[in-house]
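Listed below are the residues making up each chain.
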Amino acid sequence: MTEEEKKEQEKALLAKIKEQNKEQIAEFKEEFKQLMQDSKSGVISEEAFNTKFDELSKKLENFDPEAYKKFQETLEGYEEKLKAQGTEIKKLKDGGTLGKGNSLKEKLEEVVKSDDFKEFVESGGKKKASFSLKAVSVTDDYTGTSLVHITSRDSRVVDHPQVQRLNIRDLLTVMPADLPYLAFIEVYDWDRQVGVNTENGELAESSFKIREATVDAKRIGTHVPISKRMIKSAAFVVNHLAQRLPAQVRYYEDFQLLHGDGAGNNVSGIFKVASDFATLIDTALTGSAGAVASVASYDGGAKAIVTFAANQLINNGDKITFANATHTGYNAEFIAKVISPKQILIDKSYTAEADTSAWTFSVSSPFKDAIDAAQEIDVLKVAKTLVTVQEYTANGIVLNPVDATKIETLKGTDEHYIDVQRLENGVLTIGGVPVVETTAMPAGKFVVGDWAMAAALGQFSELTLEFSESTQEKLKNSVEAIIQEEVLFPIYNKYMFVTGDFTTGKAALETP
């Protein structure tokens, strides 16, 4: 073999080794990538990770020192990322929020550790101090529960699944408001006039009626006097304010959204405008003399069409009872087949009656007197249906915790639990609809509605925390911790809510 041939063979061998190295490096990159993914997702233990990593390191070092150097540099970058992840996980276990860095607890810690706060304390409260928590979303960060608990077995602190505490705002669309008042469009009537016609005939016109309404910002808050000795304990201040004060604000916010009467500083709440369950079941509506405009023939006289003088909120399948008709055959109960808000079809052979001005009527739900041994869960399911038949979607229920527990423990005759589920996050669902449990709702009452579409919660001023002192507090050697917010509550469509009382609701459903 000549010298030239030897050089060519050596060149070919080096090229082959280089190509093999590329393939091995690519394989190691894939193995390393998978190893890091397994570590991040937690499917591999720390010990197994270290073992596998050492194996990859030795293999890479043996065949390509330069590649090993690059691998080491990559490792250092990943180690920094893993350290950061470990810090985030520790924050989460301590009650923070993963990745956000803006939990209420963290913000309060920033406040009590700030120079302004230290000066405030050291000055004996003489220096005024105000600390805004505007960046904090209580909806996201405040749960009202602890993430750890002490076991009765061996008193160790162990991880506890996070239990989500819902408030009414969690059912609503929460939006920022840049003005202390809001003008919005409120739906108060509609006219669905859909029908058949000839090819060139003019179609009937449908419409819905709206009007402009306004709401003002309402201020909700509270304050707590704190001893100056006590306020020097940052741990106490943080834990006390992070749990107790937001809970108080959220409770009264729930109360206002439910029961506000719209007078003075109160919002106009759900119970102020929503339809009452028992009324919808027993007597959804009535019509006095003059309400019926005419009666006409249908299907060759086999049935009759009743036309009203104005729109009526009659649902398909409702029971309607007429009275004071000249022809006594009309003075009976019928099942309404709704053609439009102004017309229904009844299964009654047509008899001509030129003057219907004396006719009166009353309408009741098909659920009236229709359920044996009616229970609270029956009331809620029917209320959900009452929202649905209005062509809306019930997506939230509000109950007192007492009623929620009664329903959760309700069993069938074979001791199985009835269509009620408690999710892993602690949220109760009934018929697939989430339940907000709040003591702001009196026991025995309920609300079911299409919360996402029917209303919204405007946040003019987000939750803020302020420490201040007056002469009175100075005399008591204390300061005031003040927490407050300003909200607006526009209700766009009151027909999307049904409120009620379980006692009267069950009575309306119960079979005679």
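Bear in mind that the values here come from a model prediction, so they are computed numbers and not experimental data. (Residues numbered from 1 in each chain as written. Predicted model: local features only at pLDDT ≥ 70, side-chain atom pairs only at ≥ 80, totals over all residues. Heavy atoms only, no water.)

J.: Looking at this structure, how should I read the overall build of the chain?
T.: When helices and strands are counted, the chain shows 15 helices and 24 strands. The buried share among the 512 residues of the chain stands at 38%. Across the chain, the fraction of contacts at a sequence separation of at least 24, relative to all contacts at a separation of at least 6, is 71%. A total accessible area of about 28500 Å² is found for the chain, and carbon and sulfur atoms account for 51% of it. (Helix = DSSP H or I, 4+ residues; strand = E, 2+ residues; numbered from the N terminus. Buried < 20%, exposed > 50% of the residue type's maximum accessible area, 1.4 Å probe, protein only. Contact = heavy atoms within 4.5 Å. Areas by Shrake-Rupley, 256 points an atom, 1.4 Å probe, with all protein chains shown as cover.)

J.: What am I meant to see in the pattern of salt bridges here?
T.: Oppositely charged side chains are able to pair whenever their charged atoms sit close together. Throughout the structure, instances matching the rule amount to 10 salt bridges. Ionic pairing is found between Arg169 and Glu485, a salt bridge with its closest N-O pair at 3.5 Å. Of this pair, Arg169 sits in the loop between strand S3 (157–159) and strand S4 (173–176) while Glu485 is found in strand S23 (residues 478–488), placing the two residues 316 residues apart along the sequence. We note that Arg169, like Glu485, is buried. Between Arg250 and Glu485 there is a salt bridge, with its nearest N and O atoms 3.2 Å apart. Remark: Glu485 occurs in strand S23 and Arg250 occurs in helix H8 (residues 234–259); sequence separation between them is 235 residues. Residue class for Arg250 comes out buried when judged on its relative accessible area of 3%. (Salt bridge = Lys/Arg side-chain N within 4 Å of Asp/Glu carboxyl O.)

J.: So what exactly am I meant to see when it comes to the sheet that holds strand S9 (residues 285–287) here?
T.: The four strands lie next to each other as S9-S16-S12-S13, forming an open sheet whose pairing is antiparallel. The sheet is open, and its two borders are formed by S9 and strand S13 (333–335), each paired with just one other strand. Geometrically, the sheet is characterised by an average inter-axis angle of 20 degrees between neighbouring strands, direction not taken into account. Pairing geometry for strand S12 (residues 319–323) and S13, over three bridges, is antiparallel. By the bridge assignment for S13, Lys319 is matched with Ile335. (Pairing = 2+ DSSP bridges. Axes fitted to C-alpha atoms, helices over the stretch in contact; angles between N-to-C directions.)

J.: What am I meant to see in the sheet that holds strand S11 (residues 303–308) here?
T.: Hydrogen bonds along the backbone pair up the strands of a sheet, which may run parallel or antiparallel. Here four strands make up an open sheet; going across it, the order is S10-S11-S15-S14 and the pairing antiparallel. Each edge of the sheet is formed by a strand with only one pairing partner; in this case those strands are strand S10 (292–298) and strand S14 (337–340). Here the strands of the sheet are splayed against their neighbours by 25 degrees on average, with no regard to which way each runs. Direction of pairing for S10 relative to S11: antiparallel, over a ladder of six bridges.

J.: I tried to follow the packing of helix H11 (residues 376–388) against helix H15 (residues 502–509) on my own but got confused; where do I start?
T.: Contact geometry for H11 and H15: axes closest at 9 Å, N-to-C directions at 80 degrees. Classified by the angle between their axes, H11 and H15 sit roughly perpendicular to one another. Taking contact as the criterion, the partners of Glu376, Asp378, Val379, Leu380 and Val382 in H11 are, on H15, Phe502, Gly505, Lys506 and Leu509. (Parallel < 35°, antiparallel > 145°, perpendicular 65-115°, else oblique.)

J.: Is there a simple way to think about helix H12 (residues 401–408) in this case?
T.: For an α-helix, the turn length of 3.6 residues means that residues three or four places apart are oriented alike. For H12, every residue scored as buried is listed here: Asp403, Ala404 and Ile407. Along the axis of H12, the buried residues cluster in a sector spanning 105 degrees; they form a single face. (Arc of directions from axis to C-beta.)

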